[in-house]
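Coordinate inspection notes
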Amino acid sequence: MADLPSRARIVVVGGGAIGCSIAYHLAKLGQRDVLVLEKSGLTHGSTWHAAGLVGQLRSKRNLTRLMQYSARLYDTLEAETGQAVEWKPVGSLRLASSEERWSELKRMATTARSFDFELHTLSPREALDKFPLITLQGVVGAVFVPNDGSVEPSSLTQAYARGARTGGVRIVEGALVTGFENKGRRISRVLTDRGAIECEIVVNAAGIWARDVAKLAGVAVPAGAVEHQYLITEKRDDLPKGLPTLRDPDKIFYLKPEPGALAIGGWERGTPTFGEKGVPFSFGRELFQPNQERLEQFVLPAAERLPILNEIGIRTVINGAIPISPDGEPILGLAPERDNFYVACGFTSGIAASGGAGKAMAEWIVEGAPSLDLWAFDVRRFGRHHMSARYLAERSVDSYWRYYQIHYPIEELESARGGRRSPLYETLKAQGAVFGSRFGWERPNWFARAGEETRDRPSFENRPNWFEAVGAECRAARERAVLIDQSSFSKFEIEGPAAFAALQRIAANDLDKPAGSLVYTQLCNERGGIEADLTFARLDENRFYMVTGSAFGVRDIGWIRRHLPADGSVSIRDVTSAYATLNLGGPRARDILAAVADGDVSNAAFPYMTAREIRIGFAPVLALRVTYLGELGWELHVPQEYAAHVYEALQAAGREHGLSNAGYRAIESLRLEKRYLYWGADITPDYTPYEAGLGFAVSLKKPQDFIGRAALEKAKAEGPKRKLIVLTVDGPVQLYGGEAIRRGGKTLGVASSGGWGHTIGKAIAFGYVAADEAGHADYEIEAFTRAWPASRLDAAAVDPKGTRIRI
């Protein structure tokens, strides 16, 4: 055994593909004082039995870039380290065995073009030419990625390890982490069964043990494990050479060519979880007994597609534990509970992602942030709700099975639902609400009318079943008034003698407004990228009320907390569950509110972007005059116990004004018409406010310095290199975001958001293009491989001067 050092600046826990890749990339960034701790031997968790498929295209540009980096690295790693990795870039073929699956693949093809990613759509006959062993029964089409392939997982990990050691990293096997010591919010020592190690940074890359290791550090991570099976056939000499990898998601199987054989696995329904109460640290290089019933779920459909499987015997079956997260995506980043404890776990496709994930994590650790926005993988997308064993078990099993199910751009999962409900849940359900889930909350997405089915029927290229109902809600918002339950908003009270000074340094906009003011602002990083997009209500000199999106609370308040003074002069209280929120909006909103509110709600007394404490009936209400609909309106923040009372009062007063219920799908359409942007899609750390057209929310005139100021001053002086544009399409196309923006045969960008504008009767898309390409009148949007003429708008499609919100 290698000696255990008493100190290391960075300690990586876990010697699988992910942990060794992080160590390798840390060395590439010049970090020499790095220690990898592996309780058993390298690869001995899930890496050693992984199938090793490498597929690069994902639904988002940055995630695809991560996978592309992995493939490029695998192409050179053997020459660099001298360790064979058995990288075989044979390409990948994905079949569509249904019309809806073909729409999904056409959407993938369009997304690929927007990334400049090589992908080819094939006819069934062309697919057969690529893989002569398949039958074409039911095949509608296929896509082929020529530079996908497979790699040998254990060899890959050893190559990472060799490269890391060459760079000065120490790797110690046979050292079990048993605990951590901390000083405040920082881990100070890693405890092992062979001694303690002083450290500055810890990285949890412990695979199926990641949740258990995190617990030792006082960190909650919703990373679980499930069983996954694949088989390897007996060898045959007559199998064609040079076959690509194959996926037939409608038949829930994948295939990797082996020398003279085939490896076939699948994503079946009802796989068992493993280690719900903790994975034993004694578990090592082990497999489970094969499960014939689960095996048949994908082997029998595979034999329908590949008749040769009826003639080949099975040489071996691998049934091993693999990591998984509640949404099937990896979990990366700095844990909210600690200031120096990073996580990199939950990788269901860890071999394909290991190169890019290792690079991103090394950047995160050394430079403070990855070079790409990775919000879809960020640990901060989870909160306390996601940490229960029941939630993790239900959602993990569901995410596993759904891996090869059709993924609609707008869809709601049905597992692990119903845990967080607003006080109005039953009331709205009785009125036809069809709910979605966000951060555990049940939220009304739309309201079914009499005779309509109260469930979603999504589609790719056709109108979904909620289209007409949402259109009616949008018309009500524009012509009369709507009431929307938005209780899931994340809400925080921030106060203390240094609250104003601290927040003024964090916010890009100027918070130096009178008490009762609302300030819309971005929180930027030192590069000027947008880390958060939210609203502060200044209730007193040093007391603020912050409102942000349902799923962004952990992230946004974590960003703020990291930049507060350490002397306790600012306190934060999460009041999300204390207050319900009702959004009253529309041209008749003031008439309705005036009928039930104590006090004057006229424009003179209660202007746009102000906050007032009022009463509605018996209820104390913090009313914020702000809108995401683009209409006159208020957010009414009400103590939970008064929510039903306020709702009933508003509905009674609104009856004569045509007040209607509305949901989040209407909000999405209405905000697109108003060019209101959504963090995580239209604005991210990759973009500055000036590129997004949000320069009005940046105050370079305020005397105080703020995070990102220097970068934003430079960005403004130089002018944006890219700009967000608004496009409309006059045709029956379904847009969702991810479509290619083209002009003159050239791909200029990708749609960040897309949808239908029910007021204007057109499809709308937002997207970034180079600044010198942002001024044209006409463009094309490619959706489902078809090009649609698109027109650029200079401003919002509805009320571009913002008159309605200020009356």
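Further up the page is the structure itself.
Here goes a summary of the coordinates provided. Model, not experiment: these values are computed from the prediction. (Residues numbered from 1 in each chain as written. Predicted model: local features only at pLDDT ≥ 70, side-chain atom pairs only at ≥ 80, totals over all residues. Heavy atoms only, no water.)

Summed over all chains, the structure comprises 48 salt bridges. The residue Arg236 makes a salt bridge to Asp238 at a minimum N-O spacing of 2.6 Å. For Glu442, the salt bridge is made with Arg417, and the minimal N-O distance between the two is 2.7 Å. Of this pair, Glu442 sits in strand E22 (residues 441-447) while Arg417 sits in the loop between helix H9 (389-401) and strand E20 (420-421), and the two are 25 residues apart along the sequence. What makes Arg417 partly exposed here is its relative accessible area of 26%. (Salt bridge = Lys/Arg side-chain N within 4 Å of Asp/Glu carboxyl O. Helix = DSSP H or I, 4+ residues; strand = E, 2+ residues; numbered from the N terminus. Buried < 20%, exposed > 50% of the residue type's maximum accessible area, 1.4 Å probe, protein only.)

Moving on, we get to the sheet that holds strand E33 (residues 633-639). Ordered by their spatial adjacency, seven strands build an open sheet running E30-E31-E32-E33-E29-E23-E34, and the pairing between neighbours is mixed. Taken across any chain shown, the strands that pair with only one partner, and hence form the sheet edges, are strand E30 (597-598) and strand E34 (659-661). By the bridge criterion, seven bridges tie strand E29 (residues 579-585) to E33 in an arrangement that is antiparallel. Across the sheet, the residue bridging to Leu582 is Leu636, located in E33. Where helix H11 (residues 467-479) meets the sheet, it contacts strand E23 (481-485) and E34, and its direction lies at approximately 120° from that of E23. Sitting on the sheet, helix H15 (residues 643-654) is in contact with E23, E29, strand E31 (611-616), strand E32 (619-624), E33 and E34, with an inclination near 15° to E29. (Pairing = 2+ DSSP bridges. Contact = heavy atoms within 4.5 Å. Axes fitted to C-alpha atoms, helices over the stretch in contact; angles between N-to-C directions.)

Let us look at helix H18 (residues 709-718). Turning to H18, its buried residues number three or more, namely Arg709, Leu712 and Ala715. The buried residues of H18 occupy an angular sector of 125° when the element is viewed end-on, so they sit on one face. Seen from the buried face of H18, the exposed residues on the opposite side, beyond 90 degrees, are Ala710, Lys714 and Ala717. Buried residues in H18 make contact with strand E25 (517-524) and helix H17 (689-692). Where H18 ends, the next residue or the one after it, Gly719, has phi of about 85°, a positive value. (Arc of directions from axis to C-beta.)

Judged by pairing direction, the sheet is mixed, and its three strands sit side by side in the order E20-E22-E21 without closing on themselves. Sheet topology places E20 and strand E21 (433-438) at the edges, where each strand pairs with a single neighbour. Pairing of E20 with E22 involves two bridges; the strand directions are parallel. Considered in E22, the bridge of Arg420 is made with Trp441.

Note on aromatic pairs: each is described by the distance of the centres and the angle between the planes. One pass over the full model with this rule turns up 27 aromatic pairs. Taken together, a centroid distance of 6.3 Å and an interplanar angle of 80° make the contact between Phe536 and Phe544 edge-to-face. One exposure class covers both Phe536 and Phe544, and it is buried. Members of the aromatic cluster, each reached through a chain of ring pairs, are Tyr254, Trp267, Tyr400, Tyr403 and Tyr404. One Lys or Arg, Lys130, reaches over the ring of Phe144 and ends 4.1 Å from the middle of that ring. Positioned above the aromatic ring of Trp466, the side-chain terminus of Arg665 is 3.9 Å from the ring centre. (Phe/Tyr/Trp six-rings, centres within 6.5 Å; stacked < 30°, edge-to-face > 60°. Lys NZ or Arg CZ within 6 Å of the ring centre and 35° of its normal.)

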